[in-house]
Amino acid sequence: MKKTKKSTSTLDMYYEEHIDSFVDLKTYLSEVEIHCIKKIIERNDGNMTQTAIQLGIHRSILYRKLNGFEKKK
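Below you will find a few notes about this structure. (Residues numbered from 1 in each chain as written. Predicted model: local features only at pLDDT ≥ 70, side-chain atom pairs only at ≥ 80, totals over all residues. Heavy atoms only, no water.)

A few words on the side chain of T51. By the secondary structure assignment, T51 is in helix α3 (residues 48–55). Reaching out from T51, the side chain makes a polar contact with the side chain of N44 at a distance of 3.2 Å. Among the polar contacts listed, one links the side chain of T51 to the backbone oxygen of N47, at a separation of 2.9 Å. When near neighbours in sequence (up to four residues on either side) are disregarded, T51 contacts I37, I40, I41, N44 and L62. (Helix = DSSP H or I, 4+ residues; strand = E, 2+ residues; numbered from the N terminus. Polar contact = N/O pair within 3.5 Å; in protein donor to acceptor, adjacent residues only side chain to side chain. Contact = heavy atoms within 4.5 Å.)

In structure tokens:
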């Protein structure tokens, strides 16, 4: 059996610390998705067209995802 090195990335440390607070996989994935979307929007200085291109989705889908997230809050 091959031993794998334990990852110490910031993301891994966050998940390790918060894993028990996740409700279910669908909620968890939704939170990760919106986090990634927001980070890319920041990197593109709010340019939604460029953000959608980088994500590989249509701009209308990007807005739909953002609106869906805001409604869940």
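For the pair helix α2 (residues 25–43) and α3, the least separation of the axes is 9 Å and the interaxial angle reads 130°. Taken together, the axes of α2 and α3 lie oblique to each other. The interaxial crossing formed by α2 with α3 has right-handed handedness. The residues of α3 that touch α2, namely those facing I37, I40 and I41, are M48, T51, Q54 and L55. When grouped by side-chain class, the residues that make up the contact of α2 with α3 number five nonpolar, two polar and no charged. (Axes fitted to C-alpha atoms, helices over the stretch in contact; angles between N-to-C directions. Parallel < 35°, antiparallel > 145°, perpendicular 65-115°, else oblique. Left-handed = near helix turned anticlockwise from the far one by under 90°. Nonpolar A, V, L, I, M, F, W, Y, C, P; charged D, E, K, R; others polar.)

This part is about the nonpolar core. Formed by I34, I37, I41, M48, A52, L62, L66 and F69, the largest nonpolar core amounts to eight residues. Ignoring sequence-local partners within four residues, the contact set of I34 consists of K65, L66 and F69. (Core = buried A, V, L, I, M, F, W, Y, C linked by side-chain atoms within 4.5 Å. Buried < 20%, exposed > 50% of the residue type's maximum accessible area, 1.4 Å probe, protein only.)

With that settled, the discussion passes to the pattern of salt bridges. Counting across every chain of the model gives two salt bridges. We note a salt bridge from K65 to E33, for which the minimum N-O separation is 2.7 Å. Of this pair, K65 sits in helix α4 (residues 59–72) while E33 sits in helix α2; the two residues are 32 residues apart in sequence, bridging distant segments of the chain. Take K65: its relative accessible area is 29%, and that puts it in the partly exposed class. The exposure class assigned to E33 is partly exposed, which follows from its relative accessible area of 34%. For E42, the salt bridge identified is with K39, shortest N-O distance 3.9 Å. With E42 and K39 both in helix α2 and three residues apart, this pair spans about one turn of that helix. (Salt bridge = Lys/Arg side-chain N within 4 Å of Asp/Glu carboxyl O.)

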